[in-house]
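Architecture at a glance
The residues making up each chain are set out below.
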Amino acid sequence: QVQMAASGGGSVQAGGSLTLSCTTSGSIDALTGVGWYRQVPGKERELIVAAFVNRTSWYADSVQGRFSIAIHSGNNLLFLRMKDMKPEDTGVYYCNEVPVTPQNSWGPGTQVSVSS
């Protein structure tokens, strides 16, 4: 299984922007899909953005229009561009395959904090 690790988190004020990066141990082009997941305190980790090999993408309602996913296949890099951020975007962000299976491991994630 490919190993994926997110980075680039930090603290921003509401309305601000942040871009997260994700490195992969293998070829992104070989995967069915990749995505960004978010875990907020007290809740389970959830998929918020995904991109698929057929060049389609999916966004959770909570981030639609504010977040965008970008892939640099040549460098096996994945990005999450976030704008107009809200306090409810606060959480730990992870990147991983989509769909994720029990064989997938999770990196440490990157913390994003949005203050009002």
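From a predicted model like this one, the values you see are computed outputs, not experimental measurements.

Applying the stated rule across the entire model yields two salt bridges. A salt bridge links Asp89 to Arg38; its shortest N-O distance comes to 3.0 Å. Residue Asp89 is located in the loop between β8 (77-82) and β9 (91-97), and its partner Arg38 is located in strand β4 (residues 33-39); the two are separated by 51 residues in the primary sequence. By relative accessible area, which is 1% here, Asp89 ends up buried. Exposure remark for Arg38: the relative accessible area of 5% places this residue in the buried category. When the shortest N-O distance is used, the salt bridge between Arg66 and Asp89 registers 2.8 Å. You can see Arg66 sitting in the loop between β6 (57-59) and β7 (67-72) and its partner Asp89 sitting in the loop between β8 and β9, a full 23 residues away along the chain. Taken together, the shared-partner salt bridges connect Arg38, Arg66 and Asp89 into one network.

Turning our attention to the packing of aromatic side chains. Counted according to the given criterion, the structure contains two aromatic pairs. For the ring pair Tyr37 and Trp106, a centre distance of 4.9 Å and an interplane angle of 90 degrees mean the geometry is edge-to-face. Here Tyr37 is found in strand β4, whereas its partner Trp106 is found in the loop between β9 and β10 (110-115), with 69 residues between them in sequence. Taking the relative accessible area as the measure of exposure, Tyr37 reaches 6% and is therefore buried. Taking relative accessible area as the criterion, Trp106 reaches 29% and is therefore assigned partly exposed. On the basis of an interplanar angle of 80 degrees and a centroid distance of 5.7 Å, the ring pair of Tyr94 and Trp106 is categorised as edge-to-face. Of this pair, Tyr94 sits in strand β9 while Trp106 sits in the loop between β9 and β10; the two residues are twelve residues apart in sequence, bridging distant segments of the chain. Ring pairing ties together the aromatic residues Tyr37, Tyr94 and Trp106, which thus form one cluster.

Quick look at the nonpolar core now. If you look at the biggest cluster of nonpolar residues, it comprises 27 residues, and the most contacted ones within it are Trp36, Ile48, Val49, Leu78, Leu80 and Met82. Beyond its immediate chain neighbours, meaning those up to four positions away, Met82 contacts Gly16, Ser17, Leu18, Leu20, Arg66, Phe67, Tyr93 and Val112. Core analysis: the second largest hydrophobic core is formed by five residues, Tyr37, Ala50, Val92 and Val98 among them.

A few words on the environment of Ser25. Secondary-structure assignment places Ser25 in the loop between β3 (18-24) and β4. The spacing of Ser25 and Ala5 is 20 residues in sequence and 8.9 Å in space, taken between C-alpha atoms. In this structure, Ser25 is in contact with Val2 and Gln3, ignoring residues within four places of it in sequence. There is a polar contact of 2.7 Å between the side chain of Ser25 and the backbone nitrogen of Gln3.

What counts, and at which threshold
Residues numbered from 1 in each chain as written. Predicted model: local features only at pLDDT ≥ 70, side-chain atom pairs only at ≥ 80, totals over all residues. Heavy atoms only, no water. Salt bridge = Lys/Arg side-chain N within 4 Å of Asp/Glu carboxyl O. Helix = DSSP H or I, 4+ residues; strand = E, 2+ residues; numbered from the N terminus. Buried < 20%, exposed > 50% of the residue type's maximum accessible area, 1.4 Å probe, protein only. Phe/Tyr/Trp six-rings, centres within 6.5 Å; stacked < 30°, edge-to-face > 60°. Core = buried A, V, L, I, M, F, W, Y, C linked by side-chain atoms within 4.5 Å. Contact = heavy atoms within 4.5 Å. Polar contact = N/O pair within 3.5 Å; in protein donor to acceptor, adjacent residues only side chain to side chain.

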